[in-house]
Amino acid sequence: MSSAASSGTGRTAYVIVGGGVAAAKAVEGIREHDEKGTVVVVTQEERVPYERPPLSKGVLKGDDEVDSVFTHPQSWYADHDVELRLGDPATSLDTSAHLVTLRSGESLSYDKLLLATGSTARALDVPGADLDGVLYLRELQESTTLKEALVDGARIVIVGAGWIGLEVAAAAAIAGCAVTVVEPQAAPLLGVMGEQVGGWFADLHRSHGVVFRFGDGVARLEGTGHVEAVVTTTGERLPADAVVVGVGITPNTGLAQGAGLDVDNGVVTDARLRTSIEDVWAAGDVASWQSTALGTHVRVEHWANAHDGGLAAGRSMAGADVTFDPIPFFFSDQYDAGLEYAGHVPRGSGAEVVLRGELSSNEFMAFWVLPEEGGVRVLAGMHVNVWDTIDAVQQLVRERTVVDPDRLADTAIPLDEVARVDG
Ligand SMILES: Cc1cc2nc3c(=O)[nH]c(=O)nc-3n(C[C@H](O)[C@H](O)[C@H](O)COP(=O)(O)OP(=O)(O)OC[C@H]3O[C@@H](n4cnc5c(N)ncnc54)[C@H](O)[C@@H]3O)c2cc1C
């Protein structure tokens, strides 16, 4: 069966597969340059595309209304002549026939296709992981389910001290829960932050009553029907009313792989977000895009990348001359600590940390740097509660300037003057 949305050529001009912010912004990008071309958005979830950051922050804490997460209200799509296929995911892709098939059996033939399929939370693979009360946090209803579990006095065990684990720990601690975080590594966010800055995150959470079990993993979950305890690999039994699993995500590359697109830690694209096969683009968490500024392919799991990448892909699909070349940017909120991080530190790079300000003040910056002739080069930087600094961080990263680490650490020298060498 062919799509009712087909244009006179029998094809839909633009098919967008995905239900996150990248998909929503791609529609905007298309409509900036093409008001008439037929657009169909195909989603797996039963709702229009929405933003995920509030799911572990405002929505979870009850500060934000659930309805506030949608990138656009449903009426916006009709107003922009966009057809929606909600809850009917794409199951296969035939790029030579320009055909995408949906779970319902419907086939859409397309002129141009965007893959914005995002990521899926990794499952905990231990006995008992299928018990009730073992929760994940990727989709909207998972946030509302988790919120119900975060009641005063509830015992919440969080598996994984990554961003999701820490943000949930903050929301749970604020709600009055007894929170324990089990993390195999020696500190939170160790791979990104290193031990010193990771240790600051641990202290921040401890000051709100959160307990950590570092260097320990989950052996099994116990309970009859509903989870009652987490048994760790060192044999400790942690009673639990709910367990939240935050052990990372996997990009949804199945469609792309099945269609023979280049996939290497994500769907490989060029700087215009075009994949290895003509008329197919990719953006957001699922895309590994060619970064001119960083000189490598980059895949990140950041809201800004999906937001800006979706917009850029839509423009590119509609024929605009687009180069997508941001410095990756991430933000988080935990208690009264607001932070922004920009840059890219390849794993195993051996980057060292330069601190600017005192960690204990909860107002500081950290830079990940590599030694170079004449100083250091900044690969990434983060501030905690030092606002209006992230543009300068991005500039340091983009320009690959070699700076004096003592000047970088000196809070008396404005950040945008650190690189200047006087006299
Ligand atoms: C709880 C939470 C908090 C976060 N907080 C932050 C934060 O503070 N800061 C930050 O920078 N980033 C944050 N992120 C990350 C950010 O939300 C993601 O990077 C962003 O959602 C990626 O957008 P996307 O559109 O690429 O993919 P997604 O948001 O994953 O959306 C992809 C959509 O495509 C759908 N889909 C998959 N396969 C198919 C298919 N075959 N057919 C149709 N549809 C399909 C999926 O169901 C999903 O709805 C957070 C993420 C989560 C989960």
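Everything here concerns the structure above.
These numbers come from a predicted model, not from an experiment.

Student: Even after reading the chapter, I still don't get the pairing of strand E4 (residues 90–94), so can you show me in this structure?
Tutor: Side chains on a regular strand alternate between the two faces of the sheet. Sheet topology places E4 next to strand E5 (residues 99–102); four bridges connect them, and they run antiparallel. What sits directly across from Leu93, in E5, is Val100. What sits between the antiparallel neighbours E4 and E5 is a turn of four residues, in which His98 has the positive phi angle 55°.

Student: Sorry if this is basic, but what is going on with the sheet that holds strand E13 (residues 226–232) here?
Tutor: Each strand in a sheet pairs with another by means of backbone hydrogen bonds, the pair being arranged parallel or else antiparallel. In space, the three strands of this open sheet follow the order E12-E13-E14, with antiparallel pairing throughout. Sheet topology places strand E12 (218–224) and strand E14 (237–239) at the edges, where each strand pairs with a single neighbour. Ignoring strand direction, the axes of neighbouring strands in this sheet form an average angle of 30°. Two strands pair when backbone bridges link them, and E12 and E13 are joined in this way by six bridges, in the antiparallel orientation. Bridge pairing in E13 places Glu222 opposite Ala229.

Student: Would you take a moment to explain the site of the ligand for this structure?
Tutor: Around the ligand, a shell composed of 34 residues is seen, among which Glu45, Arg52, Lys57, Arg138 and Asp285 lie nearest. One of the backbone N or O atoms of Val21 is found 3.3 Å from an oxygen atom in the ligand. Measuring from an oxygen atom of the ligand, one finds a side-chain N or O atom of Glu45 at 2.6 Å. Look at the ligand: alone it shows 1,000 Å² of surface, and the protein chains cover 96% of it. Classifying every residue of the shell around the ligand by side-chain character gives 15 nonpolar, 12 polar and seven charged.

Student: So what exactly am I meant to see when it comes to the pattern of salt bridges here?
Tutor: Pairs can form between side chains of opposite charge whenever their charged atoms are close. On inspection of all chains with the given rule, the structure shows 18 salt bridges. Glu28 is the salt-bridge partner of Lys25, the closest N and O atoms lying 3.0 Å from each other. You can see Lys25 and its partner Glu28 sitting in helix H1 (residues 21–33), three residues apart, about one turn around the helix. For Asp241, the salt bridge is made with Arg155, and the minimal N-O distance between the two is 2.9 Å.

Cut-offs and rules
- Here, residues in each chain are numbered from 1, in the same order as that chain's written sequence.
- In view of the model being predicted, local features appear only for residues whose pLDDT reaches at least 70, and side-chain atom pairs are presented and counted only at 80 or more, with totals across whole chains, interfaces and linings using the full set of residues.
- Side-chain measures here rest on the full set of heavy atoms in the structure, leaving out hydrogens and waters.
- Strands qualify as paired when DSSP identifies two bridges or more between them.
- For the purposes of this entry, the term helix denotes a DSSP run of H or I that reaches at least four residues, the term strand denotes a run of E that reaches at least two, and both are numbered from the N terminus.
- The axes are straight lines fitted to the C-alpha atoms, using for helices just the contacting stretch, and the angles between their N-to-C directions are given from 0 to 180°.
- Definition of nearness: a residue and a molecule or strand are near each other if at least one heavy atom of the residue lies within 4 Å of the molecule or strand.
- Think of a polar contact as two N or O atoms within 3.5 Å of one another; within protein, one of them needs to be a possible hydrogen donor and the other a possible acceptor, and neighboring residues in sequence only count if both atoms come from side chains.
- Each accessible area value is a Shrake-Rupley result obtained with a 1.4 Å probe; residue values ignore everything except the protein chains displayed when judging cover.
- Charged residues are taken to be Asp, Glu, Lys and Arg, nonpolar residues to be Ala, Val, Leu, Ile, Met, Phe, Trp, Tyr, Cys and Pro, and polar residues to be all remaining types, Gly included.
- Should a side-chain nitrogen of Lys or Arg be within 4 Å of a carboxyl oxygen of Asp or Glu, the pair is scored as a salt bridge.

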